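Residue-level listing of the chains:
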Amino acid sequence: VIPNIDFQVSERSGADVDIILARLKNVKAFERFHPSLLQQICLCGFYECLEKGITLFRQGDIGTCWYAVLSGSLDVKVSETSSYQDAVTICTLGTGTAFGESILDNTPRHATIITREFSELLRIEQREFRSLWEKYHHCMAGLLAPPYGVMESGCNADSLIDFCYSKFDSPVKLLVCVPSEKILRAGQILRNAILCRAPHMIRDRKYHLKTYRRCCVGTELVDWQLQQSSCVHSRVQAVGMWQVLLEEGVLNHVDQELSFQDKYLFYRFLDDEQEDASFPTEDERRESQEELQDTLLLLSQIGPDAHLRMILRKPPSERTADDLEIIYEELLHIKALSHLSTTVKRELAGVLIFESHAKAGTVLFNQGEEGTSWYIILKGSVNVVIYGKGVVCTLHEGDDFGKLALVNDAPRAASIEDFNRILRDVEANTVRLKEHGQDVLVLEKSLSSSRTSVQGSSSSHYKYNVMSGTPEKILEHLLEMMRLDSQFTESDSALDDFVLMHCVFIPNSQLCPVLMSQYPFSIMFPNASQGSEQEKLDYTLNNKRRVIRLVMHWAAVHGDHLQEEDVSVVFLEEFFMAVSNDAKAFPALRDQLTELERIFVFFQMSVNLNCEPKIPTQHKVLLRHFSMGEEKLQKRQPIRSNDEILFKVYCCDHTYTTIRVPVAASVREVIGAVADKLGSAEDLLLVSLSSAGEKTIFKPNDVSVFSTLSINGRLFVCRRDQLDSLTPLPEQEGPSTGSLASFELMSSKDVAYHMTSYDWELFHCVHELELIYHTFGRQYVKKTTVNLDLFLRRFNEIQFWVITEMCLCPQLSKRVQLLKKFIKIAAHCKEYRNLNAFFAIIMGLSNPAVCRLSQTWEKLPSKFKKFYVEFENLMDPSRNHRAYRLTVAKLEPPIIPFMPLLIKDMTFTHEGNKTFIDSLVNFEKMRMIANTVKIVRYCRSQRFSPESPLPSKNHPDVWTYIRQLNVIDNQRMLTQLSHGLEPRRS
């Protein structure tokens, strides 16, 4: 949400405009707007949020507003008869798109716009938009859709449109454009650095009796680049970086090949194409030394895109397994493909082709033509034009088009042979198990990754992946496929996925009877009339071992969460007794029985084998408090649903009552506890009130709301007619002075170490299942995510701590020292692999209230400016945070990951894929979400035990300080403080 954009125009202050401006600069629809135009939009734009399925306007309506999409997506529907009933969706508008220019001449709307999901929009009224057009039409003309915008021609980097499209064809040739100044400079720096450090690499070379002047070898260029910088992690990454230069003609293959290869092939720098190519002067040598690291950093950021384009230019038959994996990874983050199965995405990776159009106004296809291709926009934008209606919308990066005929084979909606072939192949390899005429299990046959070769011949093995099914049939199949001769997580990852994700589609209360039904209590054999007695015994024994192994893994994964459910504990007792009895007849079960016994030690249950099962006694009651207090100074332990909490709930007059309820209590239960204390039977609301006065009314079925409060937020209870009278408590404002006096005495490494130690405690308390509960909704699974909530809140706490300290430091010289200190702390957090705190600190420094302090930033030494730019680049969100993902992929655990991004990945998968398909569990979706959860498991697979810095006299103070950060979390107040420190320059 853009803060302060809900205010009436007359109420917006200069600070409000700064806050809105900072957010709008990151919106794709505005990234090319002139700053003064953007400033005017901040003064007249309004924020609008719409739920899924809301019709914004209908085809034929006279428009009153212009819109830009801040988040979410909207369907564009067009009808030939102007009737809503026969309207078809021609495309989807995603984040960064804009529409509604018809208000300039009052022409009717060309299409109906309906929200596809919860969406946030920026709205500008007709009068204000016309005023902006009259004043700024010169800079708006190239940005709006025709006929109001203009079509530019020529080779312009800003108008270059790149596509990834699904159709087998010869690769598109590279456009010959003048290199950009930035890449031309990068090539010069690299050439001069090579001539300074390894001049032998650029020399005349002979091959097949032919001499090639002043050339380099591809493998030597890759080797050299790997030696120059820590930001170059692999040979594949280095290839992408050299490909950037090759694409723009700054580096050329001697035979004009379009792809850079890590082979003994000859390449020549553009400067060496001249007959009189000169060696670098002393000044150029010095500049190359100074700028080399920045140049390599730049190329490392744009190299992955160039590498992807290089791969997409190859004919599909020439793509390697590594190439296909890179394309597949890219497809995972395209929303248009999120509903497709993994198999389809991998097949698509083999047929996608790169296409580039430099000239704006190029017609890709005409209405009514038979479709042959389906496009995804990698860069640039495309106008959708309908005869008689003009431009109905503009599509941007990440949008797709030309796919409707995949469903109905209509002309020019895009029926493509490759895609249809893939769908046919998938269906041909699909096995459906039916009961009573209904599908109960859907499997997909695929080639196994393991192949064996005997005497020169190879045999391929097939495996069957579960795509969907009923919970019972999925479990039955996975048990049959379980191998007993290997580690669980290696050969039975699908069963691990089931154990992790089953809470979404079958709760423990239903799963326990299913598990018990899978355990054979008598000797079994598939065909009772066949097989010897020993074979029947072996078959039964293996089935028992499989179920025992599954139950032990289930208990290990769910851990304490099973103790909260009586049905699970009772099941474990009964199951243990059944296995104990069987171990007498099957000695081979005794090893597993010993392991099973350890589970009961873990659950602190004393099991009497000769007694009937009994429900264990209630767990010990714990008292928790999530606000500031002594509890933060204790080592963190996981909080469980049945732990109890003491919490203050405030009234309108700022009096409060303290209630004692379970952590997982519903809002209805909390209101009941408050009503008992107040002696009031009135209909009460439970409200979250932030320090900025923002109110959130909780629903009666919401659970565990205590941990969802903002940092300085408080819970209030009131009648509906008292809502407007709620005001924040004075204590919610936060500190009025900074902590610089004590903070400046602390070592940056000390601070980073203790911050990482505390963050690790919080991170370690988060149960894997909480990520799943958070993704699907706590109300849906009826579970709490309190540990995850507190860890996510810690991110915001660190971020606001940075902003608070900067904005409460009145002296410029001290503020510069403070800025340096935060950059150093961020660097140490990165060394400790605490990426969550690292991101929080850098995002704090990027906040509008801090980044606008130009006098402070101007006095920052250049060394620290370079560090900050490098850190900001690591946070670059483009290409789905590719820079961060490349970095974290090289790290070994323990790691504290950037948790908001993991949450985003899981939400993306959840919202893009149905949980049930034809009443069957979509197990493909479960597998994808489980893979993200396993990243957390990997990050915590090693204990956190970094080398502690040398203890200083302030060591205990640092420990306490880090756990009790005192912050201002009101963005408006922070911006006002910032303006007080450095007023806006006229």
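Residues numbered from 1 in each chain as written. Predicted model: local features only at pLDDT ≥ 70, side-chain atom pairs only at ≥ 80, totals over all residues. Heavy atoms only, no water.

Q: What should I look at first to understand the overall build of the chain in this one?
A: Secondary structure assignment for the chain yields 35 helices and 29 strands. Taking all 986 residues of the chain together, the buried fraction comes to 54%. Contacts in the chain between residues at least 24 apart in sequence constitute 70% of all its contacts with a sequence separation of at least 6. Accessible surface for the chain amounts to roughly 46,300 Å². Of this, 51% is attributable to carbon and sulfur atoms. (Helix = DSSP H or I, 4+ residues; strand = E, 2+ residues; numbered from the N terminus. Buried < 20%, exposed > 50% of the residue type's maximum accessible area, 1.4 Å probe, protein only. Contact = heavy atoms within 4.5 Å. Areas by Shrake-Rupley, 256 points an atom, 1.4 Å probe, with all protein chains shown as cover.)

Q: I would appreciate a short explanation of the packing of aromatic side chains in the present structure.
A: Taken as a whole and judged by the stated rule, the model has 35 aromatic pairs. Seen from their ring centres, phenylalanine 867 and phenylalanine 871 are 6.3 Å apart, and the 15° between their planes marks the pair as stacked. In this pair, phenylalanine 867 and phenylalanine 871 both sit in helix 30 (residues 862-874), 4 residues apart, roughly one turn of the helix. Here phenylalanine 867 falls in the partly exposed class, since its relative accessible area comes to 33%. (Phe/Tyr/Trp six-rings, centres within 6.5 Å; stacked < 30°, edge-to-face > 60°.)

Q: Help me out: how do you make sense of the pattern of salt bridges in this one?
A: Two side chains that carry opposite charge are able to pair once their charged atoms sit near each other. The final tally for this structure, using the stated rule, is 38 salt bridges. When the shortest N-O distance is used, the salt bridge between glutamate 290 and arginine 286 registers 3.9 Å. One end of the pair, glutamate 290, and the other, arginine 286, are both in helix 7 (residues 282-313), 4 residues apart, so they sit about a helical turn from each other. Given a relative accessible area of 42%, arginine 286 falls into the partly exposed group. Residue aspartate 905 pairs with arginine 885 through a salt bridge whose shortest N-O separation is 2.8 Å. Taken together, the residues aspartate 905 in helix 32 (residues 899-912) and arginine 885 in helix 31 (residues 878-888) connect sequence positions 20 residues apart. (Salt bridge = Lys/Arg side-chain N within 4 Å of Asp/Glu carboxyl O.)

Q: Just to check I follow, could you spell out helix 25 (residues 786-807) for this structure?
A: The first and last C-alpha atoms of helix 25 sit 31 Å apart over 22 residues, in line with the 32 Å expected at 1.5 Å per residue. Across the 22 residues of helix 25, 21 count as buried, placing the element largely inside the fold. (Expected span 1.5 Å × (residues − 1).)

Q: Whenever I open this one, the packing of helix 27 (residues 835-845) against helix 30 confuses me. Can you help?
A: How two helices sit against one another is set out by the angle between their axes and by the gap between those axes. The geometry of helix 27 relative to helix 30 is characterised by a closest axis approach of 10 Å and an angle of 115° between their N-to-C directions. When the interaxial angle is binned, helix 27 and helix 30 end up roughly perpendicular. Here helix 27 and helix 30 pass one another in a crossing that is left-handed. Contacts from Phe838, Phe839, Ile842 and Leu845 in helix 27 reach Tyr868, Phe871, Glu872 and Leu874 in helix 30. In terms of residue class, the contact of helix 27 with helix 30 is made up of 7 nonpolar, no polar and 1 charged. (Axes fitted to C-alpha atoms, helices over the stretch in contact; angles between N-to-C directions. Parallel < 35°, antiparallel > 145°, perpendicular 65-115°, else oblique. Left-handed = near helix turned anticlockwise from the far one by under 90°. Nonpolar A, V, L, I, M, F, W, Y, C, P; charged D, E, K, R; others polar.)

Q: Help me out: how do you make sense of the sheet that holds strand 3 (residues 65-71) in this one?
A: Hydrogen bonds along the backbone pair up the strands of a sheet, which may run parallel or antiparallel. One open sheet accounts for 4 strands, arranged 1-8-3-6; its pairing is antiparallel. Strands at the two margins of the open sheet, each flanked by one partner only, are strand 1 (46-50) and strand 6 (98-99). (Pairing = 2+ DSSP bridges.)

Q: Quick question: what am I supposed to make of the sheet that holds strand 12 (residues 251-253) here?
A: Pairing within the open sheet is antiparallel, and its 4 strands lie in the order 10-11-13-12. Sheet topology places strand 10 (203-207) and strand 12 at the edges, where each strand pairs with a single neighbour. Strand-to-strand twist in this sheet, taken as the mean axis angle between neighbours without regard to direction, amounts to 55°. In this sheet, strand 13 (residues 266-269) lies alongside strand 11 (residues 210-217) in antiparallel orientation, the contact comprising 2 bridges. Bridging from a neighbouring strand, valine 217 pairs with phenylalanine 266 of strand 13.

Q: What am I meant to see in helix 5 (residues 218-228) here?
A: At 3.6 residues per turn, the α-helix brings residues three or four places apart onto the same side. Within the span of helix 5, buried status applies to Gly218, Leu221, Val222, Trp224, Gln225 and Gln228. For helix 5, the arc enclosing every buried residue in end-on projection is 165°, short of the 170-degree limit, so these residues lie on one face. (Arc of directions from axis to C-beta.)

Q: Please clarify how the environment of alanine 68 should be interpreted in this entry.
A: Locating alanine 68 in the fold gives a position in strand 3. Judged by its relative accessible area of 0%, alanine 68 is buried. Spatially, the C-alpha atoms of alanine 68 and threonine 97 are 5.8 Å apart, while their sequence positions differ by 29 residues.

Q: What am I meant to see in the nonpolar core here?
A: One broad trend across soluble globular proteins is that nonpolar side chains are buried collectively. Counting 129 residues, the largest nonpolar core has Met501, Trp554, Phe575, Trp801, Phe822 and Met899 as the members making the most contacts within it. It is helix 25 that contributes the most residues to this core, 11 residues altogether. Each of two domains, domain 3 (470-608) and domain 5 (739-981), supplies a minimum of three residues to this core. Not counting the four nearest positions on each side in its chain, tryptophan 554 is found in contact with Val499, His502, Asn508, Leu511, Cys512, Leu515, Leu562, Ser568, Phe571 and Leu572. Ala198, Phe260, Phe269 and Leu297 belong to the second largest nonpolar core, which has 34 residues in total. (Core = buried A, V, L, I, M, F, W, Y, C linked by side-chain atoms within 4.5 Å. Domains from an automatic or database assignment.)

Q: How should the side chain of threonine 887 be read in this particular structure?
A: By the element assignment, threonine 887 lies in helix 31. Reaching out from threonine 887, the side chain makes a polar contact with the backbone oxygen of alanine 883 at a distance of 3.0 Å. If we ignore the near neighbours within four places in the chain, the residues touching threonine 887 are His233 and Leu874. (Polar contact = N/O pair within 3.5 Å; in protein donor to acceptor, adjacent residues only side chain to side chain.)

Q: I keep staring at unusual backbone geometry and nothing clicks. Help me out?
A: Excluding glycine, most residues fall at negative phi; most peptide bonds, likewise, are trans. With an omega of 5°, the peptide bond running from proline 893 to proline 894 counts as cis. Relative to the elements of secondary structure, proline 894 occurs in the loop between helix 31 and helix 32. Non-glycine residue glutamine 256 carries a positive phi angle of around 60°. With respect to the helices, strands and loops of the structure, glutamine 256 is situated in the loop between strand 12 and strand 13. With phi around 50°, serine 704 is a residue other than glycine that occupies positive phi space.

Q: It is not clear to me how the packing of helix 25 against helix 32 should be interpreted in this structure. Could you clarify?
A: Running from amino to carboxyl end, helix 25 crosses helix 32 at an angle of 125°, the nearest separation of the two axes being 10 Å. The angle between helix 25 and helix 32 places the two elements in the oblique class. Where helix 25 abuts helix 32, its residues Leu788, Phe791, Leu792 and Phe795 lie against Met899, Pro900 and Ile903. Taken together, the residues of the contact of helix 25 with helix 32 sort by class into 7 nonpolar, no polar and no charged.

Q: Please explain the environment of lysine 314 as it appears in this structure.
A: On the secondary structure map, lysine 314 appears in the loop between helix 7 and helix 8 (321-331). If we skip the residues at most four places from it in the chain, lysine 314 touches Arg319, Asp323 and Ile353.

Q: Is there a simple way to think about the confidence of the model for the chain in this case?
A: Interpretation of the predicted coordinates at a detailed level should be avoided for regions scoring low in pLDDT. Per-residue confidence for the chain gives a mean pLDDT of 81; residues scoring 70 or more make up 80%. With pLDDT under 50 throughout, residues 404-416 is counted as low confidence; its partners more than four residues away or in other chains account for 40 contacts. Under a pLDDT of 50 for its full length, residues 450-459 has, in the predicted model, 8 contacts with residues more than four places off or in other chains. (pLDDT = per-residue confidence, 0-100.)

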